[in-house]
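Chain and residue survey
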Amino acid sequence: MQDQSRRATLRARTSMAHEALDRLIGPFDSAQSYSRYLQGMAVFRSVVEDMLSLVHWPMAFSAWQNERLADLIGQDLADIGAAAQRPSIPSAPSSSLEAEDILGMLYVLEGSALGARLLYKRAQALGYSATFGARHLAVQCRQNGRWSAYLKLLEDAVGIDIDHVAKVSARTFEIAEMAFERTLHERA
């Protein structure tokens, strides 16, 4: 029997973008590669969080409303002696975002939080911790249950256009790719 869940739809429609982003991020197995990761993530999170900061959040999304990891990433960059870059990334106006747009963006952000567990272990192997250089990863690792809560919200949402949610998810992955590509380009 084929899985027809909304999660499966989003996974299928964003898998190529997800793989491309994973390749850009790379393994970060050195202080230099970790610094590149932080630079790209700082740009990505700043752009997406700025877009979400003007949204009128429906009550069902209150658990995600005030999350700002960009500031923690900035602290992580300062710890390792790197300055945050701010290459321009085009983004859509955020005041008109609807629940479907938020669901699409959160799919990428919450998926990133799942990956943070592995990334945090890699960062720890490089000597970074919850108090030095890897604050944002440590915070994401402590957010147990948010992925499950997001999936429940996604599956239970009434009257949403999953095609629109998938397009927004794909666009959010594109923003991440642009952030990492431009950061890598500007550092070269």
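It should be noted that the structure appears before, not after, this text.
Attention in this report is confined to the structure presented alongside it. As the structure is a prediction and not an experimental result, all values here were calculated from the model.

Remarks on helix α6 (residues 146-156)
Taken residue by residue, α6 has Arg146, Trp147, Tyr150, Leu151, Leu153 and Leu154 as its buried positions. Looking straight down α6, one finds that the buried residues subtend no more than 160° of arc, so they occupy a single side. Exposed residues pointing more than 90 degrees away from the buried face of α6 are listed as Ser148 and Lys152.

Regarding the pattern of salt bridges
When the charged atoms of two side chains lie near each other, side chains of opposite charge can form a pair. Tallying each qualifying case throughout the model produces 9 salt bridges. Close ionic contact of Glu110 with Arg146 constitutes a salt bridge, the shortest N to O distance being 2.7 Å. With Glu110 in helix α4 (residues 99-125) and Arg146 in helix α6, this residue pair connects regions lying 36 residues apart in the sequence. Comparing Glu110 with Arg146 shows no difference in burial state: the two are buried.

Describing the packing of helix α2 (residues 31-53) against helix α5 (residues 135-142)
Running from amino to carboxyl end, α2 crosses α5 at an angle of 65°, the nearest separation of the two axes being 11 Å. Considering their axes alone, α2 and α5 lie roughly perpendicular with respect to each other. Each of Tyr34, Tyr37, Leu38, Met41 and Arg45 in α2 lies in contact with α5, whose residues at this interface are His136, Leu137 and Gln140. Taken together, the residues of the contact of α2 with α5 sort by class into 5 nonpolar, 2 polar and 1 charged.

Rules and cut-offs
- Residues numbered from 1 in each chain as written.
- Predicted model: local features only at pLDDT ≥ 70, side-chain atom pairs only at ≥ 80, totals over all residues.
- Heavy atoms only, no water.
- Buried < 20%, exposed > 50% of the residue type's maximum accessible area, 1.4 Å probe, protein only.
- Helix = DSSP H or I, 4+ residues; strand = E, 2+ residues; numbered from the N terminus.
- Arc of directions from axis to C-beta.
- Salt bridge = Lys/Arg side-chain N within 4 Å of Asp/Glu carboxyl O.
- Axes fitted to C-alpha atoms, helices over the stretch in contact; angles between N-to-C directions.
- Parallel < 35°, antiparallel > 145°, perpendicular 65-115°, else oblique.
- Contact = heavy atoms within 4.5 Å.
- Nonpolar A, V, L, I, M, F, W, Y, C, P; charged D, E, K, R; others polar.

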